[in-house]
Amino acid sequence: MPKFLEDALKKGGRKKGLRGKRLMKYVFGGMNNIGAVHGSQITARGKRMEEKHEQDAKAGR
């Protein structure tokens, strides 16, 4: 899973007052909607997102 994306969605869900199972549905539903995962499997797009995030973090962006 793209950890950075999961953390960002969790933060947004908590701001909306979600907890527990509803929070997890919000997080994984969001990642499914943008194509980062398909069910519980990471997609090629999700892998590219993760790699780009890591490269940007190394570059200090």
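Our subject is the structure listed above.
Anyway, here's the lowdown on the structure attached to this text. (Residues numbered from 1 in each chain as written. Predicted model: local features only at pLDDT ≥ 70, side-chain atom pairs only at ≥ 80, totals over all residues. Heavy atoms only, no water.)

## Things to note about the pattern of salt bridges
- Summed over all chains, the structure comprises three salt bridges.
- In this structure, D7 and K3 form a salt bridge, with 3.5 Å as the shortest nitrogen-oxygen distance. Here the residue D7 and the residue K3 both occupy positions in helix α1 (residues 3–15), the gap between them amounting to four residues, near one helical turn.
- Taking the relative accessible area as the measure of exposure, K3 reaches 45% and is therefore partly exposed.
- Here K10 ties to E6 by a salt bridge, and the two come within 3.6 Å at their closest N and O atoms. Remark: E6 and K10 occur in helix α1; sequence separation between them is four residues, near one turn of the helix. Across the pair, E6 and K10 agree in class, each one buried. (Salt bridge = Lys/Arg side-chain N within 4 Å of Asp/Glu carboxyl O. Helix = DSSP H or I, 4+ residues; strand = E, 2+ residues; numbered from the N terminus. Buried < 20%, exposed > 50% of the residue type's maximum accessible area, 1.4 Å probe, protein only.)

## Notes on the packing of α1 against helix α3 (residues 44–59)
- Put simply, α1 and α3 touch, their axes get as near as 8 Å, and they point 90 degrees apart. Comparing the axis directions of α1 and α3 gives the class roughly perpendicular. Across the interface between the two elements, K3, F4 and L5 from α1 touch M49, E50 and H53 from α3.
- By residue class, the composition of the contact of α1 with α3 is three nonpolar, one polar and two charged. (Axes fitted to C-alpha atoms, helices over the stretch in contact; angles between N-to-C directions. Parallel < 35°, antiparallel > 145°, perpendicular 65-115°, else oblique. Contact = heavy atoms within 4.5 Å. Nonpolar A, V, L, I, M, F, W, Y, C, P; charged D, E, K, R; others polar.)

## As for the environment of E54
- By the element assignment, E54 lies in helix α3.
- Residue classification places E54 among the partly exposed residues on the basis of a relative accessible area of 43%.
- Taking the C-alpha atoms as reference, E54 lies 9.4 Å from F4; in sequence the two are 50 residues apart.

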